[in-house]
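Close look at the chain arrangement
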Amino acid sequence: MVAGLVFVAVGWGSLGLTGRTLCLVTLTVAVGGAAAWVTTRRLRASAEALWTVFGLLAAVDVGAGRSAGVLGLDVLDTDVVVLLFSSLLALGSLVVALGVRRWLVRLVAAEIGLVIGLVTGVIAALAVLPVDLRWTSTVAVAGLVLATLGLVRLRLPVAAWPVGLCSVGALVLTTGVLATAVTLGEADDRWRQGDAPALLLLGAVTLGLAVVVAQALAARGRTGLALLAQAGGGLVATASLVVVALLGQGVPIEVATLTWCLVPLVTACVGARFTTPGWSTGVRAALVPAALPLVGAVLAGAGAAVLGVTRSWLPGWERDVSVRFTTDWSGPVWLVAAVWFGAAAVLAVVACWPPVVRAAAVRTAAWLAVALLLVLGVAVVGVVLEAPVLVVALVMLLVAGAGALLGVVRHGHGDLALAGACAAAVATAVAVLLPLGSAPAAAAVWCVASVLAALVTVAVLSDGRRDLGALAGGATAALAVAGILAWVDVAGAGSRGGALAAVAVAVVLLALASLPGLSRALRVPWEVVAGLTACVSLVEASDTSLGWLSLCLTVLGAAAVGVGLLRRDRRPNAVGGSALLGLAYVTRLVASDIGVVEAYTMPFGLLLLVAGVVRMVTDPRRSSSALLPGLGLVLLPSLPGALVDPTSLRGLLLALAGVVALAAGAIVRQKAPFLVGAALTTLLALRWAGPLVGDLPWWIPLGTVGLVLLLAGATWEARVRDARAAVSYVRGLR
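Worth saying up front: this structure is predicted, and the values here are computed from it rather than measured. (Residues numbered from 1 in each chain as written. Predicted model: local features only at pLDDT ≥ 70, side-chain atom pairs only at ≥ 80, totals over all residues. Heavy atoms only, no water.)

1. As for the overall build of the protein
- Scanning the protein from terminus to terminus reveals 32 helices and 0 strands.
- Within the protein, buried positions represent 40% of all 734 residues.
- In the protein, 68% of the contacts between residues at least 6 apart in sequence involve partners at least 24 apart.
- Accessible surface, the protein as shown: approximately 36,600 Å² in total, 73% of it carbon and sulfur. (Helix = DSSP H or I, 4+ residues; strand = E, 2+ residues; numbered from the N terminus. Buried < 20%, exposed > 50% of the residue type's maximum accessible area, 1.4 Å probe, protein only. Contact = heavy atoms within 4.5 Å. Areas by Shrake-Rupley, 256 points an atom, 1.4 Å probe, with all protein chains shown as cover.)

2. Overview of the packing of aromatic side chains
- Enumeration according to the criterion identifies 2 aromatic pairs in this entry.
- Seen in terms of ring centroids, F674 and Y729 are 5.9 Å apart; in terms of plane orientation they differ by 70 degrees. Their pairing is edge-to-face. Of this pair, F674 sits in helix α30 (residues 671–695) while Y729 sits in helix α32 (residues 716–732); the two residues are 55 residues apart in sequence, bridging distant segments of the chain. (Phe/Tyr/Trp six-rings, centres within 6.5 Å; stacked < 30°, edge-to-face > 60°.)

3. Here's the deal with the environment of R496
- Within the element layout of this structure, R496 appears in helix α22 (residues 494–513).
- A C-alpha to C-alpha distance of 7.1 Å links R496 and E540, two positions 44 residues apart in sequence.
- Dropping the residues within four chain positions of it, R496 is found in contact with T544 and W548.

4. Describing the environment of G33
- Residue position: G33 is located in helix α2 (residues 17–40).
- Note: C-alpha distance between G33 and W51 (18 residues apart in sequence) is 9.6 Å.

5. Overview of helix α11 (residues 253–273)
- Compared with the 30 Å implied by 1.5 Å per residue over 21 residues, the 31 Å span of α11 between its first and last C-alpha is a close match.
- Listed as buried for α11 are A256, T257, T259, W260, C261, V263, P264, T267, A268 and G271. (Expected span 1.5 Å × (residues − 1).)

6. Focus: the pattern of salt bridges
- In the structure shown here, the tally under the stated rule is 1 salt bridge.
- A salt bridge links R311 to D328, with the nearest nitrogen and oxygen atoms 2.9 Å apart. Separated by 17 residues along the polypeptide, R311 in helix α14 (residues 292–312) and D328 in the loop between α14 and α15 (333–350) bring together distant segments of the chain.
- Residue classification places R311 among the partly exposed positions, given a relative accessible area of 34%. (Salt bridge = Lys/Arg side-chain N within 4 Å of Asp/Glu carboxyl O.)

7. Section: the confidence of the model for the protein
- Averaged over the protein, the pLDDT score is 75; the fraction of residues at 70 or greater is 70%.
- Averaged pLDDT values for the elements of the protein fall to 50 in helix α7 (residues 160–183) and rise to 91 in α15.
- Note that residues 121–131 has pLDDT below 50 and, in this model, 18 contacts with residues that lie over four places away or in other chains.
- Across residues 156–165, confidence stays below pLDDT 50; counting only partners more than four residues off in sequence or on other chains, it has 25 contacts. (pLDDT = per-residue confidence, 0-100.)

8. Notes on a nonpolar patch on the surface
- A cluster of nonpolar side chains, namely L262, V266, V270 and F274, defines an oily patch on the protein surface of about 320 Å² accessible area.
- The residue F274 is located in the loop between α11 and α12 (279–285) in this model. (Patch = residues over 30% accessible without salt bridge, like charges linked within 9 Å, V, L, I, M, F, W, Y side chains within 5 Å.)

9. Thoughts on the side chain of T327
- Relative to the helices and strands, T327 resides in the loop between α14 and α15.
- Residue classification places T327 among the buried residues on the basis of a relative accessible area of 10%.
- What T327 contacts, discounting residues up to four positions off in sequence, is A304, G308, R311, V383, V384 and E386.

10. A closer look at the packing of helix α23 (residues 520–542) against helix α24 (residues 546–566)
- Look at α23 against α24: their axes get within 8 Å of each other, and the N-to-C directions meet at 160 degrees. Between α23 and α24, the interaxial angle falls into the category roughly antiparallel. Here the hand of the crossing between α23 and α24 comes out right-handed. Together, A534, S537, L538, A541 and S542 of α23 and W548, L549, C552, L553 and L556 of α24 make up the contact between the two elements.
- A breakdown of the residues in the contact of α23 with α24 according to their chemical character gives 8 nonpolar, 2 polar and no charged. (Axes fitted to C-alpha atoms, helices over the stretch in contact; angles between N-to-C directions. Parallel < 35°, antiparallel > 145°, perpendicular 65-115°, else oblique. Left-handed = near helix turned anticlockwise from the far one by under 90°. Nonpolar A, V, L, I, M, F, W, Y, C, P; charged D, E, K, R; others polar.)

11. So, the packing of helix α25 (residues 571–591) against helix α26 (residues 598–618)
- The contact between α25 and α26 brings their axes to 10 Å, and the two run at 160 degrees. If you check the angle between α25 and α26, you find them roughly antiparallel. As α25 packs across α26, the resulting crossing turns out to be right-handed. Here α25 contributes Y585, V586 and L589 to the contact with α26, which in turn contributes Y600, T601 and F604.
- Among the residues making up the contact of α25 with α26, the classes are represented as 5 nonpolar, 1 polar and no charged.

12. Side note on unusual backbone geometry
- Along the chain, L314 connects to P315 via a cis peptide bond; the corresponding omega equals -10 degrees.
- A positive phi angle, near 60 degrees, is found at E386, a position not held by glycine.
- Within the secondary structure layout, E386 lies in the loop between α17 (360–384) and α18 (389–409).
- Here R669, not a glycine, exhibits a phi torsion of approximately 60 degrees, which is positive.
- Within the element layout of this structure, R669 appears in the loop between α29 (649–668) and α30.
- Residue R669 is classed as partly exposed on the basis of its relative accessible area of 39%.

13. Describing α23
- Counted at 1.5 Å a residue, the expected span for α23 with its 23 residues is 33 Å, and the 34 Å between its end C-alpha atoms agrees.
- Those residues of α23 not exposed but buried are A521, L522, R523, P525, W526, E527, V529, A530, T533, A534, S537 and A541.

And the structure:
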């Protein structure tokens, strides 16, 4: 693929019409030959895949030929070219299916003939090309008739699924086209042009073909049942299609929307009560085309809500608490509620279907989708109402509380508990994101959300569910920190005040996480939130001065070291705190306009390195992680200057030190110097090579990458073995 991109980018423009034609034809013939050879080897999946690629390449050839005026194709209309191309492929596949004796060849050819008819309809329905749907549907029907007669002639038991694919595919296609036309207000024009009746004819004929073939092959056991399922689905889908088409004849949008909700709901209810083999499966499958208009209406409401939320965020973080949503929704608001809650009702009925009830994973997914639709429906209705942002966010928190209560109370019922937990999580996320355009509203909502999350945490931990308790506890800490920092910003504390507040919150949270009686489920999430808060404080401090940044680093490092020394099980905190203290020291030196920072860091780094070596000698079981503080303080202070000027003396010495550390780690089999040296060497090498690669023509690096990928793919097994050997080598280091 990369080589193809390079060729097209470099050589395609210099080729003439003859060269381009030869390239495309050669590639198409090569793929077709490979497909024919694979078909004769009885490799069905590979044959189907290669013939599909061949059809796509043939379509590209025809399109390119028409653009270049080859064989006078540019004189013909687009719809004529599409119809001629599809007809030739369909008739050719039918001749092969009827004339060749081999079973697999006949089957693949019959599949191609059927799929071509569907693809022709898809090309027409996309409305990207100026195709006359009356012509397209006529030829598609003719191709389907011929291909279906060929299948009956072949008497293939496995011929059920391609027939069903085309029948249901054509019905879904026509329903989707008319639903889109009604949604866009173009149904009247399509009806006057004759497009809608033509598409109705296509759906009716494909349905008739499914029924005919079902009866012709009814004696073949499950094949007949499968085709009866397609016929049943076709009946329901055609009824839905007629309803949708009639809605284009001047029916008010309110009536149309309610019908879009009722048709799939009735279909779902019928599917829940229908138990006849074959037909019941088809009725349930027909819910897909029947629900397409409802899905379109749901997406329309979602689009209006997204636009309203985006407008409320611009400009962001305003000091006004009375920010409201504004949308372009012109219809009644109750239509949005009807659409979203109607979709939830349809999915709730689907969750009660017998096959869905027996499939635990599908049933759970259905109930989760119901909860998601209900929660998002409330949010969409609130936004379309153009209510104040703070009010909608607080309502979403009430929904989150109701979902959390359902999850806690009904924890013995898996689906309901999971749906409640999902609703609570989604509602909380929506409530947290909605007020980003108003700082006071965001601060209030985040504080209320933290209280709600704290109550859920207590309830979940008291019930013994530590995994959910960890998630809820982390959310509690994060929301509380966000609320506090938001109030600090609302008070106008500035960057320095925000940095000090973030440092104080991080230290307090780290101290709370180290309390002896705290549950382990809360300790790690709170420490993670404390680390993120510390990062926020450093970002805020970097906007002021290096002195403030050094102060924040010192306080955070001291707190982490203190926690690590007081609690034996939190010793990694001491390592991280030591790194922060070292970074604070280097930052203070830089703030003091000291050019050679290494003169002040190197002595302490060497002392720490010697201490690490002594620790490893006295304790043979100690890993080389004892060398990390010393290596970091010796090497890392020089890294920023080396990256700015990699050809300077500092950059050369740092690169040499990285190579020495890498070699020493490999010789004495120590992991810490090996990894630090490898990281430094790689980083500096990339920094040196970057300007050189940028000066080359862009296709040379791209071609090199393609060649490397090609070689790696050709020797994939060997490369996998090398990678595994490298990983095992690093793991074996001390």
